[in-house]
Amino acid sequence: QKFLIKADRKKIETVLKNLIDNALKYSTGNIKIISEKNPDNSSGFILKVIDSGAGIPDNEVKYIFEPFYRVDKSRNKSIAGYGLGLNIVKKIIEAHNGTIEVKSEKDKGTEFRVRI
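About the thresholds
- Residues numbered from 1 in each chain as written.
- Predicted model: local features only at pLDDT ≥ 70, side-chain atom pairs only at ≥ 80, totals over all residues.
- Heavy atoms only, no water.
- Helix = DSSP H or I, 4+ residues; strand = E, 2+ residues; numbered from the N terminus.
- Buried < 20%, exposed > 50% of the residue type's maximum accessible area, 1.4 Å probe, protein only.
- Polar contact = N/O pair within 3.5 Å; in protein donor to acceptor, adjacent residues only side chain to side chain.
- Contact = heavy atoms within 4.5 Å.
- Core = buried A, V, L, I, M, F, W, Y, C linked by side-chain atoms within 4.5 Å.
- Phe/Tyr/Trp six-rings, centres within 6.5 Å; stacked < 30°, edge-to-face > 60°.
- Pairing = 2+ DSSP bridges.
- Axes fitted to C-alpha atoms, helices over the stretch in contact; angles between N-to-C directions.

Enquirer: What am I meant to see in the side chain of E111 here?
Expert: The residue E111 is located in strand β4 (residues 109-115) in this model. Here E111 falls in the buried class, since its relative accessible area comes to 15%. Within the structure, the side chain of E111 is placed 2.8 Å from the side chain of R113, a separation counted as a polar contact. Sequence-distant contacts of E111, that is, excluding residues within four places in its chain, are made with K48, V49, I50, E101, V102 and K103.

Rendered as structure tokens:
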């Protein structure tokens, strides 16, 4: 199914790259990428990136979009990054008048849901 939106292609590519890269980094198995028509807006869509990783602790979910914030406090060198990706994603989505939500469950995984 095709979805047409008016958006900055490079910025949306950045959103996809960051969300997929995070899912791959923190997943212990499969990831799913799902797009569907936004039921609230005939010209919009919902994009879901779902991983089967360790999840994000409940008390940390509210901080993950802050610059330089990383759930991995150990700064594990095997997981590269500076903690900026999700902050950039949120700014891009908001600049497109969209929203981003996260649902996470310990030891089951995380779902990012983008609405544009």
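Let us keep going from here.
Enquirer: Sorry if this is basic, but what is going on with the nonpolar core here?
Expert: Generally speaking, nonpolar side chains in soluble globular proteins are found buried as a group. In terms of nonpolar packing, the biggest core is built from 20 residues, with L19, I64, F65, I100, V102, F112 and V114 touching the most fellow members. Setting aside chain neighbours within four positions, we find I100 in contact with L19, F65, V89, K90, I93, F112, R113 and V114.

Enquirer: Quick question: what am I supposed to make of the packing of aromatic side chains here?
Expert: The description of two aromatic rings rests on the distance between their centres and on the angle between their planes. Within the structure shown, the criterion is met by 2 aromatic pairs. When the centroid spacing of 6.4 Å and the interplanar angle of 85° are considered together, the rings of F65 and F112 count as edge-to-face. Here the residue F65 occupies a position in the loop between α2 (58-61) and α3 (85-95), and F112 occupies one in strand β4, the gap between them amounting to 47 residues. Here F65 and F112 have matching classes, each one buried.

Enquirer: Where do I start with the sheet that holds β4 in this structure?
Expert: Through backbone hydrogen bonds, the strands of a sheet pair up, either in parallel or in antiparallel fashion. Taken together, the 4 strands give an open sheet; going across it, the order is β1-β2-β4-β3, and neighbouring strands pair in antiparallel fashion. Among the strands making up the open sheet, the edge pair consists of β1 (31-37) and β3 (99-105). Across this sheet, the average inter-strand angle for adjacent strands is 15°, counted without regard to direction. Sheet topology note: the strand β2 (residues 45-51)/β4 ladder contains 5 bridges and is antiparallel. Looking at β4, one finds that K48 is bridged to R113. Here helix α1 (residues 9-26) sits on the sheet in contact with β1, β2, β3 and β4, set at roughly 20° to β2. Running at roughly 140° to β3, α3 makes contact with β3 and β4 of the sheet.

Enquirer: Can you walk me through the environment of K48 in this structure?
Expert: Among the secondary structure elements, K48 is positioned in strand β2. What makes K48 buried here is its relative accessible area of 13%. In sequence terms K48 and L19 are 29 residues apart; their C-alpha atoms lie 9.3 Å from each other. Discounting residues that sit within four places of it in the chain, K48 has contacts with K32, I33, I34, E36, E111, F112 and R113.

Enquirer: So what exactly am I meant to see when it comes to the side chain of T110 here?
Expert: Along the polypeptide, T110 turns up in strand β4. Taking relative accessible area as the criterion, T110 reaches 5% and is therefore assigned buried. Those residues in contact with T110 that lie beyond four places of it in its chain are V49, I50, D51, G55, I56, V102, K103 and S104.

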